[in-house]
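Chain by chain, the residues:
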Amino acid sequence: MSIASNIKSLHAKLSESVTLIAVSKTKPKADLMEAYGAGQRHFGENYIQELQEKQAELPADIHWQFIGHLQSNKVKYIAPYVYLIHGVDSLKLLTEINKQALKNNRIIDCLLQVHIASEETKFGLSEEELVTLINSSEFDSLKNIQIKGLMGMASFTDNIDQMEREFASLKSIFVKVKTVSKSNLKLTEISMGMSGDYELAIKHGSTMVRIGSSIFGSR
Ligand SMILES: *Cc1c(COP(=O)(O)O)cnc(C)c1O
């Protein structure tokens, strides 16, 4: 299967309510252009330097999404153009994104990452930390960010029941937090699901799937 045919079959398969993020980390620009030629516009990258190089050379109508772990001191590089930052998990990082968005005279859309996996190593907020963050007065003062939704990653496991529980837990946190209305927070998106588990994630309400290897091959 070619990259273009993988993109086309995913576009045909996914419903209108699910956005396909093509995860192109470590892949050459020619691969991204093949996906672009098949109509793909949302691309996800994990590394700042690589994203910078690709953004500079590839078409201007690509919606670049940062899906990796973002360090505060790197925000300034992507602030002029980034379309959506998926993995925000601290007030410190959010404050820096707000500062750089202000400098660029724009509002940067973000997703807050929630820890749903049983593994210790994955990043993200607990439900309690999430609620504390969005109810803080510091959060209210951030006028140049807009929280669009939540992001999560299931455990790396073959246990389907466990993955379903984890996706369901993100959905239930989403439903609760969705009732909170603030000028800089209106939840509409749930970013969950990767090559191996996106069908399960969609079953549990995902609106954004981040798919890499099923499009571009293994890394
Ligand atoms: C690499 C990556 C993906 C894509 O993973 P695949 O298994 O290749 O589809 C999705 N989300 C995040 C956060 C990633 O780092």
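Cut-offs and rules
- Residues numbered from 1 in each chain as written.
- Predicted model: local features only at pLDDT ≥ 70, side-chain atom pairs only at ≥ 80, totals over all residues.
- Heavy atoms only, no water.
- Helix = DSSP H or I, 4+ residues; strand = E, 2+ residues; numbered from the N terminus.
- Polar contact = N/O pair within 3.5 Å; in protein donor to acceptor, adjacent residues only side chain to side chain.
- Contact = heavy atoms within 4.5 Å.
- 1 Å grid on protein atoms, 1.4 Å probe; cavity = no way out; pocket = protein on both sides within 12 Å on 5 of 7 lines; lining within 4 Å.
- Points joined across faces, edges and corners; volume = space filled by probe spheres on them.
- Nonpolar A, V, L, I, M, F, W, Y, C, P; charged D, E, K, R; others polar.
- Core = buried A, V, L, I, M, F, W, Y, C linked by side-chain atoms within 4.5 Å.
- Buried < 20%, exposed > 50% of the residue type's maximum accessible area, 1.4 Å probe, protein only.
- Phe/Tyr/Trp six-rings, centres within 6.5 Å; stacked < 30°, edge-to-face > 60°.
- Lys NZ or Arg CZ within 6 Å of the ring centre and 35° of its normal.

Asks: Before we move on, can you summarise the side chain of Lys182 with the specific residues and values?
Replies: In this structure, Lys182 sits in the loop between α8 (160-177) and β7 (185-191). In terms of polar contacts, Lys182 uses its side chain to reach the backbone carbonyl oxygen of Ile134, at 3.3 Å. Excluding its chain neighbours within four sequence positions, the residues that come into contact with Lys182 are Ile134, Asn135, Phe139 and Asp140.

Asks: Kindly report on the layout of surface pockets, identifying the contributing residues and their values.
Replies: The probe, sized like a water molecule, is rolled over the atoms to show the empty space still left. Estimates place the volume of the largest pocket at around 530 Å³. As for the largest pocket, its lining consists of 25 residues, of which Lys25, Asn46, Ile67, Gly68 and Met153 are closest to the centre. Split by residue class, the lining of the largest pocket holds 10 nonpolar, 10 polar and five charged. Around the second largest pocket, the lining is made up of 10 residues, and of these Ser155, Phe156, Thr157, Met194 and Asp197 lie nearest the centre. Taken together, the residues of the lining of the second largest pocket break down into five nonpolar, three polar and two charged.

Asks: Quick one: what's the story with the nonpolar core, residue by residue and with numbers?
Replies: Counting 63 residues, the largest nonpolar core has Leu94 and Ile97 as its most contacted members. No other element matches α8, which puts six residues into this core. Not counting chain neighbours up to four residues away, the residues in contact with Ile97 comprise Leu70, Val75, Ile85, Val88, Ile108, Cys110 and Ile145.

Asks: Summarise the environment of Glu199; cite the residues concerned and give the values.
Replies: Looking at the element boundaries, Glu199 is found in helix α9 (residues 198-203). Considered as a pair, Glu199 and Leu14 are 185 residues apart in the sequence and their alpha carbons are 9.4 Å apart. Within the local environment of Glu199, its side chain forms a polar contact with the side chain of Lys13, the two groups lying 2.6 Å apart.

Asks: Account for the packing of aromatic side chains, with residues named and values stated.
Replies: Following the criterion strictly, the structure yields one aromatic pair and no others. On the basis of an interplanar angle of 40 degrees and a centroid distance of 6.0 Å, the ring pair of Phe43 and Trp64 is categorised as tilted. With Phe43 in strand β2 (residues 42-45) and Trp64 in strand β3 (residues 63-66), this residue pair connects regions lying 21 residues apart in the sequence. Since its relative accessible area comes to 2%, Trp64 is described here as buried. Over the aromatic face of Tyr36 sits the side chain of Arg41, whose NZ or CZ is 3.6 Å from the ring centroid.

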